[in-house]
Amino acid sequence: MVLTCPVGIRRATQRYGTAGHSRRKVLRAGALLVLGGATLPVAGCGLLDRDDPPPPPDPLRPLVDGALALAARYRAAIGADPALTARLTPIADAHQAHAVELAAAIGVVLPSPSPVASTAAPAGDAATVLAELRAAEERGRAEAATFCAQAPADRAALVGSIAAARATHVEVLR
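Residues numbered from 1 in each chain as written. Predicted model: local features only at pLDDT ≥ 70, side-chain atom pairs only at ≥ 80, totals over all residues. Heavy atoms only, no water.

**Student:** Is there a simple way to think about the overall build of the protein in this case?
**Tutor:** Broken down by element type, the protein carries six helices and zero strands. Its helices and strands taken in sequence order, the protein reads α-α-α-α-α-α from the N to the C terminus. Residue burial in the protein is summarised as follows: out of 174 residues, 26% are buried. In the protein, 68% of the contacts between residues at least 6 apart in sequence involve partners at least 24 apart. (Helix = DSSP H or I, 4+ residues; strand = E, 2+ residues; numbered from the N terminus. Buried < 20%, exposed > 50% of the residue type's maximum accessible area, 1.4 Å probe, protein only. Contact = heavy atoms within 4.5 Å.)

**Student:** I keep staring at the packing of helix α5 (residues 126–150) against helix α6 (residues 153–172) and nothing clicks. Help me out?
**Tutor:** Describing two packed helices takes the angle between their axes plus the distance from one axis to the other. Two elements in contact, α5 and α6, have axes separated by 8 Å at closest approach and are oriented at 160°. Judged on the interaxial angle alone, α6 and α5 are roughly antiparallel. Crossing handedness for the pair α5 and α6: left-handed. Contacts from Arg134, Glu137, Glu138, Gly140, Arg141, Glu143, Ala144, Ala145, Phe147 and Cys148 in α5 reach Ala156, Val159, Gly160, Ile162, Ala163, Arg166, Ala167, His169 and Val170 in α6. (Axes fitted to C-alpha atoms, helices over the stretch in contact; angles between N-to-C directions. Parallel < 35°, antiparallel > 145°, perpendicular 65-115°, else oblique. Left-handed = near helix turned anticlockwise from the far one by under 90°.)

**Student:** Just checking my understanding: could you explain the pattern of salt bridges for this structure?
**Tutor:** Oppositely charged side chains are able to pair whenever their charged atoms sit close together. Taken as a whole and assessed by the stated rule, the structure comprises five salt bridges. Residue arginine 141 pairs with glutamate 138 through a salt bridge whose shortest N-O separation is 2.7 Å. Linking arginine 141 with glutamate 138, this pair stays in helix α5, spanning three residues, or about one helical turn. By relative accessible area, which is 31% here, glutamate 138 ends up partly exposed. Among the ionic pairs, glutamate 171 bridges to arginine 174, the shortest N-O distance being 3.3 Å. A relative accessible area of 48% places glutamate 171 in the partly exposed class. The exposed category is assigned to arginine 174, whose relative accessible area is 60%. (Salt bridge = Lys/Arg side-chain N within 4 Å of Asp/Glu carboxyl O.)

**Student:** Explanation requested: the environment of glutamine 96 in the structure shown.
**Tutor:** Among the secondary structure elements, glutamine 96 is positioned in helix α4 (residues 85–106). Between the C-alpha atoms of glutamine 96 and alanine 71, which are 25 residues apart in sequence, the distance is 5.9 Å. Beyond its immediate sequence surroundings of up to four residues, glutamine 96 is in contact with Leu68, Ala71 and Leu110.

**Student:** Before we go on, may I ask you to explain the packing of α4 against α6 in this structure?
**Tutor:** Contact geometry for α4 and α6: axes closest at 11 Å, N-to-C directions at 165°. The angle between the axes of α4 and α6 places the two elements in the roughly antiparallel class. Note that α4 runs across α6; the crossing there is left-handed. Counting all contacts with α4, which are made through Arg87, Ile91, Ala94, His95, His98, Glu101, Leu102, Ala105 and Ile106, the residues of α6 involved are Arg155, Leu158, Val159, Ile162, Ala165, Arg166, His169 and Val172. Classifying every residue of the contact of α4 with α6 by side-chain character gives 10 nonpolar, three polar and four charged. (Nonpolar A, V, L, I, M, F, W, Y, C, P; charged D, E, K, R; others polar.)

**Student:** Help me understand the side chain of glutamate 137, please; the structure alone is not making it clear to me.
**Tutor:** Of note, glutamate 137 is situated in helix α5. Although glutamate 137 is buried, it makes no salt bridge; arginine 166 carries the closest opposite charge, 4.3 Å away. Each residue touching glutamate 137, except ones within four places of it in the same chain, is listed here: Leu70, Tyr74, Ile91, His95, Arg166, His169, Val170 and Leu173. (Lys, Arg positive; Asp, Glu negative; His and termini not counted.)

**Student:** I keep staring at α4 and nothing clicks. Help me out?
**Tutor:** The periodicity of an α-helix, 3.6 residues per turn, causes residues three or four positions apart to be oriented the same way. End to end, α4 covers 31 Å across 22 residues, agreeing with the expected 32 Å (1.5 Å per residue, within 8%). The set of residues buried in α4 consists of Leu88, Ile91, Ala92, Ala94, His95, His98, Ala99, Leu102, Ala103 and Ile106. As for α4, its buried residues are in contact with α3 (61–80), α5 and α6. Two residues or fewer after α4 comes glycine 107, characterised by a positive phi angle close to 80°. (Expected span 1.5 Å × (residues − 1).)

Nothing here speaks to function; it is geometry throughout.
The structure is reproduced here in structure tokens:
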């Protein structure tokens, strides 16, 4: 390699006061340019990009959505028939608490609560409304029991307690 720029030796630079660069500085700068130039095309071709596919959704996510849906159904039933407020409010609150705990366990943020008007209120008299809620609660209990049997040990207790709570909700609605 032939250096075409003025290269000074430290003794000569100090003695004569000429401006120049040492051979070490020139070689270091050249090596950095070569390495930088070599990695630029590699970075541009996507070799260094990490486009990993997103992780699959957590298997407990349907339980979060189900708890939120049940809480919304209860709120809609309370809005449709205020006489059921004392009976249904604790169950609606329990479902909201279940959703909060499940969301914390799987690391998701819950959506903001939707107004009661956006959820379709059950039609019919109180007995019909309670029968519909009981059927929904029974489906939710079966779903939670299935998830409990498949859940890892660290989540089985949480999902099992939700399944048990839903079983008691079925009894309260009789």
